[in-house]
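Fold and geometry: a report
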Amino acid sequence: MKKRVGILTSGGDCPGLNATIRGVAKALYHRFGDDVEIIGIVAGYHGLIHGEYHMMKPSDFSGILNVGGTILGTARTPYSKMKVIEDDKIDKVQNMITNYKKMKLDCLLTLGGNGTHKTSNLLAEQGLNIIGLPKTIDNDIFGTDVTFGFHSAVNTATDVIDRLHTTATSHKRVMVVEIMGNKAGWLTLYSGIAGGADVIIIPEIPFTLDKILAAVERRIGRKKGFSVIAVAEGAMDKKEAKMKKKERLAYRAENGESTVTNRIVRYLAEKGELDCRAVVPGHFLRGGPPSAYDRVLSSQFGAYAAGLVAQEKYGVTVALKNNQVCDNPLKEIAGKTKFVDPNDQLIATARDVGTAFGD
Ligand code: F6P
């Protein structure tokens, strides 16, 4: 009996998706030869819901190791809407089960972030054989030391910070760069340290504006006329940190802001009379080819997932712990976020090398 393996990529794209797809496919062909069929599902859960999929062939997986994005396409299909019947009257969960059965799958591999994993867990609870693979530039999936895509984005964000130093030093300006990461500050922390940001602002360490200004003024006092501030997209001040998410969003909407970046710029310009600029690289951070590290990690994760298919071990997601590839039960990680621990050694390291956190 041939194995039939479905594969989809869901949520925001990131470098390493194709490398992981390739890793899975090559390892499946290596293990099963002609006795495996791989079905590519188009645009994540959207394709599973609407029955958009196609049989793939070995050549589809060639030449994609170093290509960014995903050959399968992706989409955001929020978990919160999965069980909701909307105007189109489609029962999304039932459709996914029906299409899984129609495809006669032995199992489905889902490459995605936190939202994807929640839906993967839901499908596993419905009796489908699911294997997750942890993707996101945010590195915030619970139970794994690292996700694929993260280190590529760290490289890109570090490059952005390096380049901003040029203008910062030449013009003696304060450059405030907003780095993606709507919940966790990993990307800002790593790229901030790698790029030598003077101030790093992450959601896990709420800030006050006066502390940020004080850090910049300390540098001016030391005849450093410029500063580079790396701010995570999800950063919040001490007052906002006490609010519920909805309340925080409403508070920001009142002030016409969705992130704190422009607030920091305004405060430094008005209160500190400093020449400031905001820079938002946004999706640049998700683009481009995966780094060498991510190509290796994606290959490891993909090959490990093929091993799980061979063992028929389902309801799990692949992870890296202490440099060993392993797996976690989906039900243990779904719905949890891996945050930066403010007492982490890395935070202490950053403080030791003179980085301020605005706290
Ligand atoms: O989850 C990855 C991520 O890049 C976040 O850092 C960011 O907040 C979000 O995706 C942006 O999503 P979209 O591409 O849907 O705007």
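What you see is a predicted model, and the numbers here were worked out from it, not measured in a lab.

About the criteria used
- Along each chain, residues carry numbers from 1 onward, in the same order as the chain's sequence is written.
- In keeping with the predicted nature of the model, local features appear solely for residues at pLDDT of at least 70, side-chain atom pairs appear and are counted solely at 80 or more, and the whole-chain, interface and lining totals rest on all residues.
- As a convention, hydrogens and water are excluded, and side-chain values are obtained from all of the structure's heavy atoms.
- The near set for a molecule or strand comprises every residue that places at least one heavy atom within 4 Å of it.
- Pairs of N or O atoms within 3.5 Å make up the polar contacts considered here, provided that, within protein, one atom can donate a hydrogen while the other can accept it, and that residues adjacent in sequence are counted only when both atoms are side-chain atoms.
- For every accessible area listed, the method is Shrake-Rupley and the probe measures 1.4 Å; residues are considered covered only by the protein chains on display.
- Here the term cavity refers to a set of points on a 1 Å grid, laid over the protein atoms alone, in which a 1.4 Å probe fits but cannot get out; the term pocket refers to an open set having protein on both sides within 12 Å along at least five of seven lines, with lining residues being those that place an atom within 4 Å of a point.
- Cavities and pockets are treated as containing a molecule whenever more than half of the molecule's atoms lie within 2 Å of their grid points.
- Amino acids are sorted into nonpolar (Ala, Val, Leu, Ile, Met, Phe, Trp, Tyr, Cys and Pro), charged (Asp, Glu, Lys and Arg) and polar (every other residue, Gly among them).
- Note on pairing: two strands pair once DSSP finds at least 2 bridges between them.
- Per the convention used, a helix needs a DSSP run of H or I reaching at least four residues, while a strand needs a run of E reaching at least two, with both numbered from the N terminus.
- Axis definition: a line fitted to C-alpha atoms, over the contacting stretch in the case of helices. Angles run 0 to 180 degrees between N-to-C directions.
- In this analysis, two residues are considered to be in contact whenever any of their non-hydrogen atoms come within 4.5 Å of each other.
- Throughout this description, buried means an accessible area under 20% of the type-specific maximum (1.4 Å probe, protein chains only), exposed means over 50%, and partly exposed covers the range between.
- Each crossing gets its handedness from the near helix: less than a right angle anticlockwise from the far helix is left-handed, clockwise is right-handed.
- We define a salt bridge as a contact between a side-chain nitrogen of Lys or Arg and a carboxyl oxygen of Asp or Glu at a distance within 4 Å.
- Grid points are joined across faces, edges and corners, and a volume is the space filled by probe spheres set on the points.

**Points about the site of the ligand**
Inspection of the region around the ligand gives Arg76, Ile137, Asp138, Met180, Gly181, Asn182, Glu233, His283 and Arg286 as its neighbouring residues. One of the side-chain nitrogen or oxygen atoms of Arg76 is found 2.6 Å away from an oxygen atom of the ligand. One of the side-chain N or O atoms of His283 is found 2.8 Å from an oxygen atom in the ligand. Computed on the free molecule, the ligand has an accessible area of 400 Å², of which 73% lies beneath the protein chains in the complex. When atom positions are compared with the pocket grids, the ligand is found to occupy the largest pocket. Split by residue class, the shell around the ligand holds two nonpolar, three polar and four charged.

**Things to note about the sheet that holds strand 1 (residues 3-9)**
Reading across the sheet, the seven strands line up as 3-2-1-4-5-10-11 and stay open at both edges, with mixed pairing between neighbours. With one partner strand each, in any of the chains shown, strand 3 (53-56) and strand 11 (324-329) form the two edges of the open sheet. Averaged over all neighbouring strand pairs, the angle between strand axes comes to 30°, with direction disregarded. Here strand 4 (residues 107-112) pairs with strand 5 (residues 130-134) via five bridges, running parallel. From the neighbouring strand, Leu111 faces strand 5, where its bridge partner is Leu133. Of the strands in this sheet, strand 1, strand 4, strand 5, strand 10 (316-321) and strand 11 are in contact with helix 12 (residues 292-311), which crosses strand 10 at around 135°.

**A short note on unusual backbone geometry**
A positive phi angle is found at Ala43, which is not glycine, with a value near 55°. We classify Ala43 as buried; its relative accessible area is 13%. One non-glycine residue, Lys89, lies in the positive phi region at around 65°. In this structure Lys89 comes out as exposed when scored by relative accessible area, which is 66%.

**Side note on the packing of helix 7 (residues 186-194) against helix 14 (residues 345-352)**
The N-to-C vectors of helix 7 and helix 14 enclose an angle of 35°; their axes lie 11 Å apart at closest approach. As helix 7 packs across helix 14, the resulting crossing turns out to be left-handed. Here Leu189, Tyr190 and Ile193 of helix 7 come into contact with helix 14, specifically with Leu346, Ile347 and Ala350. When the residues that make up the contact of helix 7 with helix 14 are grouped by side-chain class, the tally is six nonpolar, no polar and no charged.

**Notes on the pattern of salt bridges**
In total, this model carries 16 salt bridges according to the counting rule given. For Glu312, the salt bridge goes to Lys3, with nearest N and O atoms at 2.9 Å. One end of the pair, Glu312, is in the loop between helix 12 and strand 10; the other, Lys3, is in strand 1, and 309 residues separate them in sequence. A relative accessible area of 11% places Lys3 in the buried class. Measuring nitrogen to oxygen at the nearest pair gives 2.5 Å for the salt bridge that ties Glu257 to Arg263. When sorted by exposure, Glu257 lands in the same class as Arg263, which is buried.

**A closer look at the layout of surface pockets**
Rolled over the atoms, a probe with the dimensions of a water molecule shows which regions are left empty. Computed from the structure, the largest pocket encloses a volume of approximately 1200 Å³. The wall of the largest pocket is formed by 41 residues, among which Arg76, Asp138, Asp140, Asn182 and Lys183 lie closest to the centre. Of all the elements in the fold, those that place two or more residues in the lining of the largest pocket are helix 3 (79-82), helix 5 (114-125) and helix 10 (245-254). Considering only residue class, the lining of the largest pocket consists of 10 nonpolar, 17 polar and 14 charged. In this structure, the second largest pocket occupies an estimated 190 Å³ of space. If you trace the second largest pocket, you find 15 residues lining it, with Asp198, Arg219, Val353, Gly354 and Thr355 closest to the centre. At four residues, the largest contribution of residues to the lining of the second largest pocket is made by helix 8 (residues 209-221). Counted by class, the lining of the second largest pocket contains seven nonpolar, four polar and four charged residues.

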